[in-house]
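Remarks on the overall topology
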Amino acid sequence: MKKVLVIEDDLDTAECFDYLINDLGYEFIQSQFMLTPAEIIKINPDVIILDYYLPNGHGDKLCLELKSNLLTKETPVILMSAHNNLRDISKECDADAYLEKPFDLNKLIQMVTKFAIQPFLIITN
């Protein structure tokens, strides 16, 4: 089963993600606080939905760390926020996509599904 890690401190938003992600047939994992790359590697998510504003830091910093780590750089990260400059922030931190709050549920479903079903590159000799 594909895993979607949602790093979001707002419990109502996280609950919405929980229902939606479970309805899509994926495993929902949630953290209210920013995790370290090592903690994320242990979880091994297929997709990460990352809030920009978190109690213990900004999501763009974590996104940059994940995209510079050999073990996590290929994991899709969707940065989300109500920040008015989210598009530029997501580009600067190499996020794979961004989602502006308040978000459209259909857009969220499309993003999660797109990134969760990405084919794996198979290398043969």
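Quick note: structure is the one above.
Residues numbered from 1 in each chain as written. Predicted model: local features only at pLDDT ≥ 70, side-chain atom pairs only at ≥ 80, totals over all residues. Heavy atoms only, no water.

Looking at chain direction, strand E1 (residues 3-7) and strand E2 (residues 27-31) are connected through five bridges and run parallel. Looking at the pairing, Val-6 lines up with Gln-30 of E2. Remark: the E1/helix H1 (residues 11-23)/E2 crossover connection has right-handed handedness. (Pairing = 2+ DSSP bridges. Helix = DSSP H or I, 4+ residues; strand = E, 2+ residues; numbered from the N terminus. Right-handed = clockwise from strand over helix to strand, strands pointing away.)

The next subject is helix H3 (residues 59-68). For H3, the set of buried residues is Gly-59, Asp-60, Leu-62, Cys-63, Leu-66 and Lys-67. The buried residues of H3 occupy one face: seen down the axis, they fall within an arc of 155 degrees. Seen from the open side of H3, the exposed residues pointing more than 90 degrees away from its buried face are Lys-61 and Ser-68. Tucked inside the fold, the buried residues of H3 contact E1, helix H2 (37-43), strand E3 (47-51), strand E5 (57-58), strand E6 (77-81) and helix H4 (86-92). (Buried < 20%, exposed > 50% of the residue type's maximum accessible area, 1.4 Å probe, protein only. Arc of directions from axis to C-beta. Contact = heavy atoms within 4.5 Å.)

Before going further, it helps to examine the side chain of Asp-60. Here Asp-60 lies in helix H3. Of the residues examined, Asp-60 reaches a relative accessible area of 12% and is grouped as buried. Sequence-distant contacts of Asp-60, that is, excluding residues within four places in its chain, are made with Tyr-52, Leu-79, Ile-89 and Cys-93.

On inspection of all chains with the given rule, the structure shows four salt bridges. For Lys-101, the salt bridge goes to Glu-8, with nearest N and O atoms at 2.9 Å. Here Glu-8 lies in the loop between E1 and H1 and Lys-101 lies in the loop between strand E7 (97-100) and helix H5 (105-116), a separation of 93 residues in the sequence. According to the relative accessible area criterion, Glu-8 is buried, its value standing at 0%. Put simply, Lys-101 and Asp-51 hold a salt bridge, and the shortest N to O gap is 3.3 Å. (Salt bridge = Lys/Arg side-chain N within 4 Å of Asp/Glu carboxyl O.)

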